[in-house]
Amino acid sequence: MTLRELVADALGVRLEPTAAADLMVTGVAQDSRRVSAGTVFVARQGEVSDGHRFVPQALDQGAIAVVGSAKAPEHFDWFGTVPYIYAQDDKRALAQLAACFYGYPSRALTTIGVTGTD
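Notes on the structure follow. Note that the coordinates shown come from a computational prediction; the quantities given were computed from them, not determined experimentally.

Turning next to the nonpolar core. Counting 20 residues, the largest nonpolar core has Leu 3, Leu 6, Val 40, Val 67 and Leu 97 as its most contacted members. Sequence-distant contacts of Leu 97, defined by excluding residues within four places in its chain, comprise Leu 6, Val 7, Ala 10, Leu 11, Val 28, Val 40, Val 42 and Val 67. Within the second largest apolar cluster, 13 residues are counted, among which are Phe 41, Ala 43, Val 55 and Val 82.

The following block contains the structure:
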C-alpha cells in the first residue's frame, strides 16, 4: 500500500499529491534501529527520550515519512525532507498504522467473554 493510502485509512489524514505520497510502505516502526527502506517512522515521545531525536537515523536507513506529536516540527533540521504527519496521540497513531498495515488482524479473531462471581 502507498503512504497516501496508509495514512488516509489509519489516521484519516489526506496527503497532498507528491512523489513521496505515492511511495510504497514496507513497514511501520517506532525504533529507528528497525527502520529499512520504505518504513514509516513513528517518533514517539517517551518519559525519558523523545523519538524525534532519532529521526535523522531513521531517514538515513530509508524512512519515507515521520509521524509524531511535535507541536513545532519545523524547528528540526530534518523537517521538510520527508512528509511529517502530526498525530496528537503518537501511541494511538502507532497502533492504528500497524493495524492498518498488517490488514487489521484483530478483526479475524473470535472474542469470547466468560463472567461470573463464583
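Picking up where we left off.
A word on the sheet that holds strand β4 (residues 84-86). Strand order in the open sheet made by the four strands is β1-β2-β3-β4, with parallel pairing throughout. The sheet terminates laterally at β1 (27-29) and β4, the two strands that pair on one side only. The sheet shows a mean angle of 20 degrees between the axes of neighbouring strands, taken without regard to direction. Pairing of strand β2 (residues 39-43) with strand β3 (residues 65-68) involves four bridges; the strand directions are parallel. By the bridge assignment, Val 42 is partnered in β3 with Val 67.

Evaluation of the coordinates by the stated rule reveals three salt bridges. Where Arg 4 meets Asp 22, a salt bridge forms, and the shortest distance between an N and an O atom there is 3.4 Å. With Arg 4 in helix α1 (residues 3-11) and Asp 22 in the loop between α1 and β1, this residue pair connects regions lying 18 residues apart in the sequence. Classification of Arg 4 by relative accessible area gives partly exposed; the value is 27%. Here Asp 31 makes a salt bridge to Arg 33, at a shortest N to O gap of 3.0 Å. For Asp 31, a relative accessible area of 23% translates into the label partly exposed.

In terms of residue burial, β2 counts as a mostly covered element, since five of its five residues are buried. Of the two faces of β2, the one holding Thr 39, Phe 41 and Ala 43 and the one holding Val 40 and Val 42 are both buried throughout. By the bridge criterion, three bridges tie β1 to β2 in an arrangement that is parallel. In the strand pairing of β2, Ala 29 is matched with Phe 41.

The rules we used
Residues numbered from 1 in each chain as written. Predicted model: local features only at pLDDT ≥ 70, side-chain atom pairs only at ≥ 80, totals over all residues. Heavy atoms only, no water. Core = buried A, V, L, I, M, F, W, Y, C linked by side-chain atoms within 4.5 Å. Buried < 20%, exposed > 50% of the residue type's maximum accessible area, 1.4 Å probe, protein only. Contact = heavy atoms within 4.5 Å. Pairing = 2+ DSSP bridges. Helix = DSSP H or I, 4+ residues; strand = E, 2+ residues; numbered from the N terminus. Axes fitted to C-alpha atoms, helices over the stretch in contact; angles between N-to-C directions. Salt bridge = Lys/Arg side-chain N within 4 Å of Asp/Glu carboxyl O.

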